[in-house]
Amino acid sequence: MIGWMDHLVIAPIVVPMLAGAAMILAGDRRRRLVVGIGGVSLALIMALAIALLLRAQVPEVRIYRLGDWPTLFGIVLVTDRLSALMLVLTACLGLAAFLFSLAKWQRAGVYFHPLFQFQLMGLNGAFLTGDLFNLFVFFEVMLAASYGMALHGSGVARVRAGLHYLTINLVASLLFLVGVSVVYGIAGTLNMADLAARIPLVAVEDRGLVEAGLAVMGVAFLIKAAMWPLGFWLPGTYAAAAAPAAAILSILSKVGIYAILRVWLLLFGPEAGASAGFGADWLLVGGLLTIAFGGIAVLATQDLPRLAGASVLVSSGTLLAAIGTGQAAVTGGALYYLAGSVLAIGALFLLIELAERAREVGADVLAVTREAMGPGEEEEEAEAEETGVAIPGILAILGLSFMACALLLAGLPPLSGFLAKFAILSPLLGTAPAPIPTTTWLLMVALILSGLATLIAMARAGIAVFWVGQASRVPRVRVVELAPVLLLLALSGALTLGGGPALAYMQATADQLHAPGDYLRAVLGARAVLTGGTP
Amino acid sequence: MELILSLGIGVLTGSGVWLLLRPRTFQVIIGLCLLSYAVNLFIFSTGGLRTGAAAILQRGEAGTLANYADPLPQALTLTAIVISFATTALLLVVLLASRGLTGTDHVDGRERDR
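Thresholds applied
Residues numbered from 1 in each chain as written. Chains lettered and ligands numbered in written order. Predicted model: local features only at pLDDT ≥ 70, side-chain atom pairs only at ≥ 80, totals over all residues. Heavy atoms only, no water. Helix = DSSP H or I, 4+ residues; strand = E, 2+ residues; numbered from the N terminus. Contact = heavy atoms within 4.5 Å. Axes fitted to C-alpha atoms, helices over the stretch in contact; angles between N-to-C directions. Parallel < 35°, antiparallel > 145°, perpendicular 65-115°, else oblique. Nonpolar A, V, L, I, M, F, W, Y, C, P; charged D, E, K, R; others polar. pLDDT = per-residue confidence, 0-100. 1 Å grid on protein atoms, 1.4 Å probe; cavity = no way out; pocket = protein on both sides within 12 Å on 5 of 7 lines; lining within 4 Å. Points joined across faces, edges and corners; volume = space filled by probe spheres on them. Buried < 20%, exposed > 50% of the residue type's maximum accessible area, 1.4 Å probe, protein only.

**Remarks on the environment of A:Ala423**
All names here are of chain A.
- Summarising the element assignment, Ala423 is placed in helix H18 (residues 416-430).
- Each C-alpha atom, one on Ala423 and one on Ala334, is 7.7 Å from the other, the two residues being 89 residues apart in sequence.
- Discounting residues that sit within four places of it in the chain, Ala423 has contacts with Ala329, Gly333 and Leu503.

**Some points on the packing of helix H5 (residues 132-151) of chain A against helix H11 (residues 252-267) of chain A**
Residues and elements named next belong to chain A.
- Between H5 and H11, whose axes approach to 12 Å, the crossing angle comes to 175 degrees. Considered as vectors, H5 and H11 are oriented roughly antiparallel to each other. Residue-level inspection shows Leu132, Phe139, Met142, Leu143 and Ser146 of H5 in contact with H11, the latter providing Leu252, Val255, Ala259 and Val263.
- Split by residue class, the contact of H5 with H11 holds eight nonpolar, one polar and no charged.

**Details of the confidence of the model for chain A**
All names here are of chain A.
- Scored by pLDDT, chain A comes out at a mean of 83, with 89% of its residues at no less than 70.
- Considering each helix and strand of chain A separately, the mean pLDDT is smallest for helix H16 (residues 376-386), with a value of 43, and largest for helix H4 (residues 112-128), with 93.
- Under a pLDDT of 50 for its full length, residues 361-365 has, in the predicted model, four contacts with residues more than four places off or in other chains.

**Details of the layout of surface pockets**
- Of the volumes computed, that of the second largest pocket is approximately 620 Å³.
- Lining the second largest pocket are 22 residues, with A:Leu72, A:Phe73, A:Tyr184, B:Asp70 and B:Leu72 sitting closest to its centre.
- Mapped onto the lining of the second largest pocket, the elements with two or more residues apiece are H5 and helix H7 (192-198) of chain A together with helix H3 (71-102) of chain B.

**Overview of unusual backbone geometry**
Residue and element names in this part refer to chain A.
- The residue after Trp228, namely Pro229, is reached through a cis peptide bond having omega 0 degrees.
- Examined against the element boundaries, Pro229 turns out to sit in the loop between helix H8 (204-225) and helix H9 (233-240).
- We note that Asp68 has phi near 55 degrees; this positive angle belongs to a residue other than glycine.
- Note that Asp68 resides in the loop between strand E1 (62-65) and strand E2 (76-79).
- Non-glycine residue Ala226 carries a positive phi angle of around 65 degrees.
- Within the secondary structure, Ala226 sits in the loop between H8 and H9.
- Its relative accessible area of 1% is what places Ala226 among the buried residues.

Here you go:
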């Protein structure tokens, strides 16, 4: 009954796990071997993600029962359009960050590559699982690796930011646990689909308790997604992290968004009875406040890494507010925005490190880091490699890439950022009832103003780095560092050129999310098949 | 029984939150420990409370599902214990690194100006 193709669903979790374990066994000193394993693993993950995305084109949702346990006893992995999309985004960003780290960041500390693989494992697991507690476990895998990634390279700034990041995420995990246990105590299940089926049946006197439990869990997700006022940790942590680490960390905030999309739309969709739409206003208003805070933060920051961190806040806020409107058409636009912003912000984090090198600030930090790490022979090796190939006209390429990032993040034509904002705003106005609600106007104003703020801040930063700063030396950039940035930007370009099919896919994803009937039937129907088919 | 457990969880949570908001890293760690104990007890309590009951089979009774203690909260608690233990250990290392690099045990890495 289960073909080998069905087993592919678990492979995005198993491949990085095995690769990470093999890297630890190989030892951190045999760098060629470790990098080889990492390369193979990433190529496999990419191929798997694309295969799953192609399989997800059909409307049906596929599930994979771990250990072939009946659905409600075992854990299920679920692939639908949303999880396949997130897998592909993770793989793209992972590939870019991996390539980038090969230049020198992998030498800034120990065990970069195994941590990187475990990070991917946690991310993929979180996107695939169909069980709330399993989601918690994969969150922890992802976070445990991200603590190592955020601290990679050590140094005062990273340790200070890492301490805050760790503490806040530990508290968030505890909140997640409290929420999960309240839900289990009342509903008696942790399977998301089963929970969604039971929510309408919860007794009136217990309804408040279930909603409170899910709200506590939602706070944990929102801390990940950095909604105002839960997101003050984000710009500092991301700014302090090493460039490839920051690029991969930037998708962690999207995991929070993913969890909200998945759990909230599943449990509080239109079929949830009395609880339908619970918390929508909170998401909408919180998202608007996050956009406002992010916009101000973008304008207020002086250094590039914090600017990128602040633009993560803006994109989180945009997504939360768009999801909070609770319309399938808007969610479709939001998903397109999500894909574009993941790629653009990843590229920006990588690009910033290269651009900062022109200002010799980043170079100083790196030199200090190397000194702190200490191994003398490695330093010589690094120096020798640094005198290698230097690309001519590098400032022009970096400047153009920066401009592309600015256009993407500010949402100006002709790149995908503009299409995304248009796709969010157009259905809001098109389908709204005659008096358009105040929140819709606020969302429009917030989106446009935040785009303006991003544009001003990026233009200011670009002038400071690429025009005024030209008197300083030309940065030495290797092909392997520039290629990932160009790769991510090319993907953004592809997303723009293929805007029609991409938007159609996102819209289908959103429709699937807003009508969770398929999901429920796929997960719960499998139980009926199994109990009927086995003795 | 319920009262004692609730009070225990409440006191642990209250102390944990208070310690978490203190400015010294060690206090923060102890606060997180207390909070995680509270959460573990809380998860455990969702399986329902029974005193003096056997875990699986009662002596002299036929084994029915009604006599089982709910195993899932126990499994969840176990997972939560392992994870919070590991992350607390990691936090301790970061605390020491922070103390060594900044020369202070203030959570912000520097003393607040008085």
